[in-house]
Amino acid sequence: MYICREEYQNDIRRVLPNIKNLEQLKGKSVLITGVSGMIGSFLADLLMYLNINSDYGVDIWALGRDEHALRKRFASYEDNKNWHMLIQDVTKPMSCDMHVDYIIHAAGDGYPEAF
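First, a word on what this report is: a plain description of the structure on this page. (Residues numbered from 1 in each chain as written. Predicted model: local features only at pLDDT ≥ 70, side-chain atom pairs only at ≥ 80, totals over all residues. Heavy atoms only, no water.)

**Some thoughts on the pairing of strand β2 (residues 59-64)**
No. 1: Taken across its six residues, β2 has five buried, putting it largely inside the fold.
No. 2: Relative to β2, strand β1 (residues 29-33) is paired through five bridges, and the arrangement is parallel. Bridged to Thr-33 within β2 is Leu-63.
No. 3: Each parallel crossover has a hand, and the one from β1 via helix α2 (residues 38-54) to β2 is right-handed. (Buried < 20%, exposed > 50% of the residue type's maximum accessible area, 1.4 Å probe, protein only. Helix = DSSP H or I, 4+ residues; strand = E, 2+ residues; numbered from the N terminus. Pairing = 2+ DSSP bridges. Right-handed = clockwise from strand over helix to strand, strands pointing away.)

Now the structure itself:
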């Protein structure tokens, strides 16, 4: 997947020094809505990069509405203990029991004319 590509990893490594207090995420849990979009997927990859390369132990709850798209995009994380997929429309009430420390709302209307 994307995170396996050296160019993409270089992008992640370029961003990491610019994120303040990143170490505060160690051992925390993060819910990312809109995880299949450009911003949400980059954030998920960044956190997984930290988990894989720096043992951050961040539990990532990846929320998206298209299960096939999520499984395809994030196939390389499927067996990772810190990766949790939630198939859910962000406009509907959530019905799962979980604890999250941070919520990153990256879901939005992907239809450019709507802007």
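From this point, things continue past the structure.
**Let's talk about the pattern of salt bridges**
A side chain with one charge can pair with a side chain of the opposite charge if their charged atoms come near.
No. 1: Counted by the stated rule, this structure contains five salt bridges.
No. 2: The closest approach of N and O atoms between Asp-11 and Arg-14, which form a salt bridge, is 2.5 Å. Remark: Arg-14 and Asp-11 occur in helix α1 (residues 6-15); sequence separation between them is three residues, near one turn of the helix.
No. 3: When its relative accessible area of 54% is taken as the criterion, Arg-14 is described as exposed.
No. 4: Between Glu-67 and Arg-71 there is a salt bridge; the shortest N-O distance is 3.0 Å. Here Arg-71 and Glu-67 lie together in helix α3 (residues 67-73), a separation of four residues that amounts to about one turn. (Salt bridge = Lys/Arg side-chain N within 4 Å of Asp/Glu carboxyl O.)

**Some points on the packing of α1 against α2**
No. 1: For the pair α1 and α2, the least separation of the axes is 10 Å and the interaxial angle reads 85°. The pairing of α1 with α2 is recorded here as roughly perpendicular in orientation. Along its contact with α1, which presents Tyr-8, Gln-9, Asp-11, Ile-12, Arg-13 and Val-15, the element α2 presents Ser-41, Phe-42, Asp-45, Leu-46 and Tyr-49. (Axes fitted to C-alpha atoms, helices over the stretch in contact; angles between N-to-C directions. Parallel < 35°, antiparallel > 145°, perpendicular 65-115°, else oblique. Contact = heavy atoms within 4.5 Å.)

**Considering the packing of aromatic side chains**
No. 1: Scanning the model with the defined rule gives four aromatic pairs in all.
No. 2: When the centroid spacing of 5.9 Å and the interplanar angle of 25° are considered together, the rings of Phe-74 and Tyr-77 count as stacked. The two residues Phe-74 and Tyr-77 agree in class, both being buried.
No. 3: Between the aromatic rings of Phe-74 and Trp-83, the centroid separation amounts to 4.8 Å while the plane-to-plane angle is 40°, which identifies the pairing as tilted.
No. 4: Look at Trp-83 and you get buried, because its relative accessible area is 7%.
No. 5: Ring-pair connections join several aromatic residues into one group, and the members of that group are Phe-74, Tyr-77 and Trp-83.
No. 6: If you follow Lys-26 out to its NZ or CZ, it ends over the ring of Tyr-56, 5.1 Å from the centre. (Phe/Tyr/Trp six-rings, centres within 6.5 Å; stacked < 30°, edge-to-face > 60°. Lys NZ or Arg CZ within 6 Å of the ring centre and 35° of its normal.)

**Digging into the layout of surface pockets**
No. 1: Each pocket or cavity is described by its volume, and for the largest pocket that value is around 370 Å³.
No. 2: The class makeup of the residues in the lining of the largest pocket is six nonpolar, eight polar and four charged. (1 Å grid on protein atoms, 1.4 Å probe; cavity = no way out; pocket = protein on both sides within 12 Å on 5 of 7 lines; lining within 4 Å. Points joined across faces, edges and corners; volume = space filled by probe spheres on them. Nonpolar A, V, L, I, M, F, W, Y, C, P; charged D, E, K, R; others polar.)

**Overview of the environment of Tyr-77**
No. 1: Within the secondary structure, Tyr-77 sits in the loop between α3 and β3 (83-87).
No. 2: Sequence separation between Tyr-77 and Ile-3 is 74 residues; the distance between their C-alpha atoms is 9.8 Å.
No. 3: Other than its neighbours up to four places away in sequence, Tyr-77 contacts Ile-3, Asp-45, Met-48 and Trp-83.

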